[in-house]
Amino acid sequence: MQLVHRLTRLFRRTLGVTLFALSLAELHCAVAAEEVVKLTPAQAQNLGVRVTHPVSSRTDQTLPYPAQIVIPTPQLWVVSAPVAGMVTNLAVARGDRIDAGQTLVTLQSPSFVTLQRDYLQAVAQEVLANQQLKRNADLFEGKAVPQRVLEASQTEARQAGIMVAERRQMLRLSGLSDDAIARLTNEAAISATLTVSAPQSATVVDVAVQPGQRLEQAAPLVKLARLSPLWVEIAIPASSIRAIKAGAKVEVEGYDEPGRVILVSETTDAATQTILVRAEITNNGELHAGQTTAARISFLSAGESAWEIPYSGLIRRGEQSSIFMAIDGGFRLFPVTLLAEDQDHVVVSGPLNEKDEIAIGGISALRGILSRLGAGQ
């Protein structure tokens, strides 16, 4: 019986300690869940806590980020030398606006002479093969030659036609038009001079040759581009990328025409921890490829407004962003959504207003108090 009484007393004592511990843990959990730091104004001043009011972000846009104006790659092309030769004349310079068919470069080329000669020889061979085919067809009808002779003539005529088509295509690739090829066929006037023309209206962005220079076939001559629309490439910190979506409006500093986001890259630059955002914008002539500028991107998030606060007021815990908001008797840790940031400011969204007070000084002290409350659990 004594053993039973001792076990009963031990069980009651253990149960009481357990219930007390559970009650204390629940109390600490409640304090931590509220994430409130109780402070009097005097205590806050002693801890160096300073506050400011949030400022409504202009039309819910990001802070201005550095951007560069670039030419879209589909609007860039290089005109190369169709044959080996020497540059005798350069008709354009960098920055010139040109029309389709306008002469860019004049070449003197022995290879071009060879192409014309080979074409005329192929045309002559085709004429002879067709004449021979006609004769053998007449002889076959008169039973003068066997069928195999007619078939051999048909094959030779077909091969001669294929050779002419090949040589004609080589002349087209060298830059001769169909009209010029027709004149060459009729007049047999072989020329050593070849003009290279613009394939379409564009702007000259680079000239790779100079008069007197000897070139191999396919050597680059002139780089051309269409300069509208252009791309605006913006480097956005990885922590701010969630607020930016394809289709968002982009405003370039000092330029009235807005653009639209067409790409949010799926990769991060390891050196800068930024993500490329690319926008397309119509160019009225005021934007210049290669220039650096600043751009703001509109948020596509709906509902809550965007607010700008000093960078020192933002608290990060993993991927969660928060602020300390002043309340009666202290400060409360308040979660927000980070939209944009630079070295001095951040833009956040949340149910804030311009009368709220946000802590921007003494943050370490407030976090220290909050962590001690959590450690007491």
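Here is what the cut-offs are and how they apply
- Residues numbered from 1 in each chain as written.
- Predicted model: local features only at pLDDT ≥ 70, side-chain atom pairs only at ≥ 80, totals over all residues.
- Heavy atoms only, no water.
- Helix = DSSP H or I, 4+ residues; strand = E, 2+ residues; numbered from the N terminus.
- Buried < 20%, exposed > 50% of the residue type's maximum accessible area, 1.4 Å probe, protein only.
- Contact = heavy atoms within 4.5 Å.
- Areas by Shrake-Rupley, 256 points an atom, 1.4 Å probe, with all protein chains shown as cover.
- Pairing = 2+ DSSP bridges.
- 1 Å grid on protein atoms, 1.4 Å probe; cavity = no way out; pocket = protein on both sides within 12 Å on 5 of 7 lines; lining within 4 Å.
- Points joined across faces, edges and corners; volume = space filled by probe spheres on them.
- Nonpolar A, V, L, I, M, F, W, Y, C, P; charged D, E, K, R; others polar.
- Salt bridge = Lys/Arg side-chain N within 4 Å of Asp/Glu carboxyl O.
- Axes fitted to C-alpha atoms, helices over the stretch in contact; angles between N-to-C directions.
- Left-handed = near helix turned anticlockwise from the far one by under 90°.
- Expected span 1.5 Å × (residues − 1).

Student: So what exactly am I meant to see when it comes to the overall build of the chain here?
Tutor: Looking only at helices and strands, the chain features six helices and 23 strands. Split into buried and exposed, the 377 residues of the chain put 36% on the buried side. Pairs at least 24 apart in sequence give 76% of the contacts found in the chain among residues at least 6 apart. As presented, the chain carries roughly 21800 Å² of accessible surface, and 52% of it is formed by carbon and sulfur atoms.

Student: Help me understand the sheet that holds strand β6 (residues 85-90), please; the structure alone is not making it clear to me.
Tutor: Hydrogen bonding along the main chain pairs the strands of a sheet, whether they run parallel or antiparallel. Read from one edge to the other, the open sheet built from four strands follows the order β9-β8-β6-β11, with strand pairing classed as antiparallel. Lying at the two open borders of the sheet, with one neighbouring strand each, are β9 (193-197) and β11 (214-215). Sheet topology places strand β8 (residues 103-108) next to β9; five bridges connect them, and they run antiparallel. For T106, the partnering residue across the bridge sits in β9 and is T195.

Student: Would you mind showing me how to read the layout of surface pockets here?
Tutor: The method is simple in principle: a probe with the dimensions of a water molecule rolls over the atoms, and the space it marks as empty is what remains. By volume, the largest pocket is sized at about 320 Å³. Together, 18 residues line the largest pocket, and R97, T203, L227, N283 and L287 are the ones closest to its centre. Here the element with the most residues in the lining of the largest pocket is strand β10 (residues 202-207); it accounts for three residues. The class makeup of the residues in the lining of the largest pocket is eight nonpolar, eight polar and two charged.

Student: Looking at this model, I keep getting lost on unusual backbone geometry. Mind explaining?
Tutor: It is generally the case that most residues other than glycine have a negative phi and that most peptide bonds are trans. Note the cis peptide between S228 and P229, where omega equals 0 degrees. Position of P229 relative to the elements: it lies in the loop between β12 (220-225) and β13 (230-237). The residue A188 is not glycine, and still its phi comes out positive at about 55 degrees. The residue A188 is located in the loop between α5 (178-187) and β9 in this model. A positive phi angle, near 55 degrees, is found at Q273, a position not held by glycine. Along the polypeptide, Q273 turns up in the loop between β15 (259-268) and β16 (274-281).

Student: Would you explain the pattern of salt bridges in this entry?
Tutor: Side-chain pairs of opposite charge can arise whenever the charged atoms involved come near each other. Tallying each qualifying case throughout the model produces eight salt bridges. The partner of E35 in a salt bridge is R317, and the shortest N-O contact between them spans 2.9 Å. With E35 in the loop between α1 (2-34) and β1 (36-38) and R317 in strand β19 (residues 315-317), this pair connects stretches of sequence that are 282 residues apart. Assessed through its relative accessible area of 39%, R317 is described here as partly exposed.

Student: Sorry, what's going on with the pairing of strand β20 (residues 320-327) here?
Tutor: The sheet contact formed by β19 and β20 spans three bridges and is antiparallel. Note on β20: the bridge partner recorded for I315 is S322. Taking the residues between adjacent antiparallel strands as the criterion, β19 and β20 are bridged by two residues, where G318 takes a positive phi near 70 degrees. When β20 meets strand β21 (residues 330-341), the two strands line up antiparallel, connected through seven bridges.

Student: Could you clarify how one ought to interpret the packing of helix α3 (residues 110-141) against α5 in this entry?
Tutor: The axes of two packed helices give the description: the angle between them and the distance between them. Closest axis-to-axis distance for the α3/α5 pair is 10 Å, and the angle between their directions is 65 degrees. The crossing of α3 and α5 is right-handed. Here α3 contributes Q116, Y119, L120 and V123 to the contact with α5, which in turn contributes I181, L184 and T185. Its residues placed into classes, the contact of α3 with α5 shows five nonpolar, two polar and no charged.

Student: When you look at helix α4 (residues 147-173) in this model, what are you seeing that I'm missing?
Tutor: Side chains that are three or four residues apart share a direction in an α-helix, a result of its 3.6 residues per turn. Helix length check: α4, at 27 residues, gives a terminal C-alpha distance of 40 Å against a target of 39 Å (1.5 Å per residue), a fit within 8%. Buried residues of α4: L150, S153, A157, A160, V164 and L171, and no others. One or two positions beyond α4, positive phi appears at G175, with a value near 110 degrees.

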